[in-house]
Each structure stands twice: as C-alpha cells, then as structure tokens.
2 protein chains.
Amino acid sequence: MYRAIFFDLSGVLYNGSEAVPGAREAIERAQTSALQVRFVTNTSRRTAAQLVTDLAALGFRLDPATLYTAPRAARSWVERHGLRPYCLIHRDIRSEFADLEQQDPNAVVIGDAAEGFTYGALDRAFQLCQGGAPLVGIGRNRYFRLDGQLHLDAGPFITAIEVAAGCDAVVIGKPSAAFFEQVLASTNAAPSEVLMIGDDVYGDVEGALAAGLGGCLVRTGKYQSGDEQLIEGEFACVASVSEAVELALG
Amino acid sequence: MYRAIFFDLSGVLYNGSEAVPGAREAIERAQTSALQVRFVTNTSRRTAAQLVTDLAALGFRLDPATLYTAPRAARSWVERHGLRPYCLIHRDIRSEFADLEQQDPNAVVIGDAAEGFTYGALDRAFQLCQGGAPLVGIGRNRYFRLDGQLHLDAGPFITAIEVAAGCDAVVIGKPSAAFFEQVLASTNAAPSEVLMIGDDVYGDVEGALAAGLGGCLVRTGKYQSGDEQLIEGEFACVASVSEAVELALG
C-alpha cells in the first residue's frame, strides 16, 4: 500500500535529548524495508549538518540526502528570488544563511528565533513588510515541547507580522504543500502512497492530508489528548513511531 | 444631527509631542458647543492621569471624567472577574494595575508593552493561556506612528498568543463594541447621534461603525493614503480634526 514513509524528527524520533523508546528499531526496520524513507523537519534551531550529528549521537543513522529541512528550503527560495533577507532566526542556523547578501534587506525571513524575538527585531521586520518586502516563514508551527513544557514556535510571530503589515507570508516547510511536494519528488511514490508521521496535528498531519499524502499522528512529543479532534479528514493516530512503521509496512 | 463627539487622542489631537495644527481650537470649539465631548483612547503607554497632564502641556484642557482609557477599562474588567493577571504591559502604566493581586496568575493582560515584549514574557503568556487563563487585550491596534515611523502595537502580539494557544482574547478598548457602549452610556445620545473621530481606520472608524456610531477618519497621525478603502461602510474622511468638528457641528 505505502511506497514511502516520511518522518518528522522532534517528538517522533526523540524528545529533547532522549530517543523515543523503540524509535531506533522502528527507523532501522523502515530503512531496511522496501519503503523509501525521508526525514522532514521544520526545526529551525539546528542546521541540517547538526541534525545528522545529533541523530547519530542518539543512535539514528541516516543518509544526509534523505533529510529535508525547512531552513534549507527557505534559503533556496530566497536565493532563487535574488532577495537580501533580514533574518529573524536562531543564532545556531545563521551559518545556513551566511553566504547571502543581507545588507539593505528587501525580504524578511522568520524562523524559531527564540530569544532573538525582541520587540526591536519584530518591529524592524514589520516595517520592512509594511514597505512591501516579502515575508518568508520557516514553517508555521505554533509551539514545540521542550523539557515537558510547551513553548512558542515561529508560527505565531509570523502571524503577528502578517496581521500588522497586512501581508501573507510565503511559508516554507510544513504544512506548505510545496514542501511536501519537493520531498515527494525525490521518491517514485504517488502522494497517496506516502505516509507522513508526525506529532504536530496541524503541521504534519493536516499539511500532509492537504498535499494528498496519508497522515499518521503519534501520541508522543507535543501531542496532547484530543489533538486528533482538532482537524478534519481521515488519518491514523497511534501510540508511537513503532506502531506507525508497522502500519506503513501493512 | 450629532449630540456627542468622541475624540481619539494620538494622531488626532497630537503627533508625538506636537499638537496637530488647529486641534486646540477645534477641541475648544466642541467643548463650548452643545456637543457632549468624550476622549477615547487605547494608548497603553501612559496612565489616565499622565495623559491629562500631557494634554495640558500641549494646551488641551479636559475634564478627567471625560477621558476613557483602555488600560483603565481592562483593569476594571480583571477586577470585576476576580482574576490575578500576568501583565504584559508598558512599565509606565504598571501603577494602574499595581493594587491587583498578581502572584500565581490566572489571567493574561496584553497592552503595548514595547521592549517588554520579550520571548520569555510572550512564552509565559502563551503557557498560561494554553492552560486556560483568559487573555485580555488592551485594544487591538496593529501599529502606531512615532517620529515619522510606524511601530508594532499590542494587536499583533495578542493575535500571536491567540493563534498559539487556540483561544480568543477579550479585547477591552477600541474596536470593542462594549467599550464604545460604556462611553456612550455616559452621554444621553443614541449611537447614531455620536461621531467618533480617529486616525485608525480599523480601531476608530470600523469599530465605531460596528457599534452603530458615526465614524470620521482624519488624514493625520498614522493615516496612510488609501486607508479609507480598507473597510466597508459609510463614513467621512477629512483633512484633520478641525474639519471633523465642523462636520459634527453641521
């Protein structure tokens, strides 16, 4: 039934610095099956290279070519459009954008900037967008879970600038259909032959369904009781990634 | 035709520390006419007492009883509901809330906190609202003009918390109909006998129209060319407050 399986990372493979129980075995099982495996993340606090290293330290082995990150996709988009971005991003991913011209900015990029979300920086982003600069969002996640608590992610800040400047952000990463399609294009699967597994009912599951993919919500990570009732459409809801892989293998 | 006239303050009577040309005379003309005069502001960087002093320094004389401020209305709302607010407000209006219990908060109040909008403070507000604490917004203004530039106001931050926590703010102040009705109740005018004058096409004009009042947009303050096309409904659009008072006097 499924020819490809897409995994979200945080909350699915690991929580903070702990692997989800059974996740290593589940990923290996998928990687050694006939399924085409991809990793699809909006994480904008780590570069793609750092993620591969982090995952290795947790015992996950993955081919860097199978990893699709929203910051890298955002960087490509900005470069393709020849823009000079004002980057409201986490200090740890500045290197992903470092080779782009950023003087006299004519675009705004917003990721999970964490403490970088100061009033001054947000006000600057607003003024640029108000003057017509395109707004690029790295994902639109509302919150993430860390150390047992939910925390604000980039989404609400992107919405704040949209509301203030009266503009619509170009959202790169989940739940953008273009991002799912980019990953899909690297496989030979039809949309309906892909199962997207995630803990974010909006970004992972609703986004996947909107792009025509199958969706599977795991009850780990940021999942909260009742999340599966928040969206329309048919999708699976399972205990964790192990069960999700079983489901994909049929 | 009109029995009462409501004036927004910033951008209508003054810009920064300068009175709008002709504004002093216009206010005096209204105050010495048969019109009932009220001042209605969302400003959440100054207490009501400070505003009266500021206005006096600019040559405007007004009875403090005719001044309705959103922070004061928000404070009343919180007190009436017996809540302990986490206040994300400007340091200069902390005194308006100082006598409320704020330990172990079970509500969130957001005004124009300016530099107080840090990631940590917004994250705390999100966590409280996510846990069910009501969110009280002091106005929902998108931006204000200062020293020739537009700057982010409280509205986009209120929206950010709503989006993140999946809640709806109780907005006190313009454009809330309840706030206009509170001011209206202090007059003996019917809604249609009131002209609300402001430079914010959403907060002042759209809000007034929604409450059944007449609206008049002035082309001073934060007004930008084309603002009058942003909303539906019939309202006047004039050069400045002088012309608005003439209009109200018929």
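Owing to the predicted nature of the structure, the values given are computational and were not obtained by experimental measurement.

Reading the values: rules and limits
Residues numbered from 1 in each chain as written. Chains lettered and ligands numbered in written order. Predicted model: local features only at pLDDT ≥ 70, side-chain atom pairs only at ≥ 80, totals over all residues. Heavy atoms only, no water. 1 Å grid on protein atoms, 1.4 Å probe; cavity = no way out; pocket = protein on both sides within 12 Å on 5 of 7 lines; lining within 4 Å. Points joined across faces, edges and corners; volume = space filled by probe spheres on them. Nonpolar A, V, L, I, M, F, W, Y, C, P; charged D, E, K, R; others polar. Buried < 20%, exposed > 50% of the residue type's maximum accessible area, 1.4 Å probe, protein only. Helix = DSSP H or I, 4+ residues; strand = E, 2+ residues; numbered from the N terminus. Arc of directions from axis to C-beta. Contact = heavy atoms within 4.5 Å. Least-squares fit on C-alpha atoms with pLDDT ≥ 70 in both. Phe/Tyr/Trp six-rings, centres within 6.5 Å; stacked < 30°, edge-to-face > 60°.

Enquirer: I'm lost on empty space enclosed by the protein in this one. Help?
Expert: Summary: where empty space remains is shown by rolling a probe the size of a single water molecule over the atoms. Residues and elements named next belong to chain A. For the structure on display, the rule yields one cavity of 30 Å³ or more. Its volume calculated, the largest cavity comes out at about 50 Å³. Lining the largest cavity are Arg-142, Tyr-143, Asp-199, Asp-200, Val-201, Tyr-202, Lys-222 and Asp-227. Classifying every residue of the lining of the largest cavity gives three nonpolar, no polar and five charged.

Enquirer: So what exactly am I meant to see when it comes to helix H2 (residues 48-57) of chain B here?
Expert: All names here are of chain B. Of the positions making up H2, those classed as buried are Ala-48, Leu-51 and Leu-55. An end-on view of H2 places all buried positions within 50° of arc, on one side of the element. Among the exposed residues of H2, those oriented more than 90 degrees off its buried face are Ala-49, Thr-53 and Ala-57. Buried residues in H2 make contact with strand S2 (14-15), strand S4 (36-41), strand S5 (67-69), helix H3 (70-80) and helix H4 (94-97). The first or second residue beyond H2 is Gly-59, which carries a positive phi of 95°.

Enquirer: Looking at this structure, how should I read the relation of the copies chain A and chain B?
Expert: In this structure, two copies of a chain are linked by a rotation about an axis accompanied by a shift along it. Mapping chain A onto chain B calls for a screw motion: a turn of 180° about the axis and a shift of 0.0 Å along it, with 0.0 Å RMSD after fitting. In short, the pair behaves as if placed about a two-fold rotation axis. In this assembly the copies share their binding face: 100% of the residues contributing to the interface of chain A also contribute to that of chain B.

Enquirer: Whenever I open this one, the packing of aromatic side chains confuses me. Can you help?
Expert: Tallying each qualifying case throughout the model produces ten aromatic pairs over all chains. On the numbers, 5.7 Å between centres and 25° between planes, the contact of Phe-126 of chain A with Tyr-143 of chain B is stacked. In this pair, Phe-126 of chain A sits in helix H5 (residues 119-130) while Tyr-143 of chain B sits in strand S9 (residues 143-146), so the two residues belong to two different chains. Note on accessibility: Phe-126 of chain A and Tyr-143 of chain B belong to one class, buried. With 6.2 Å between their ring centres and 35° between their planes, Phe-157 of chain A and Tyr-119 of chain B make a pair best called tilted.

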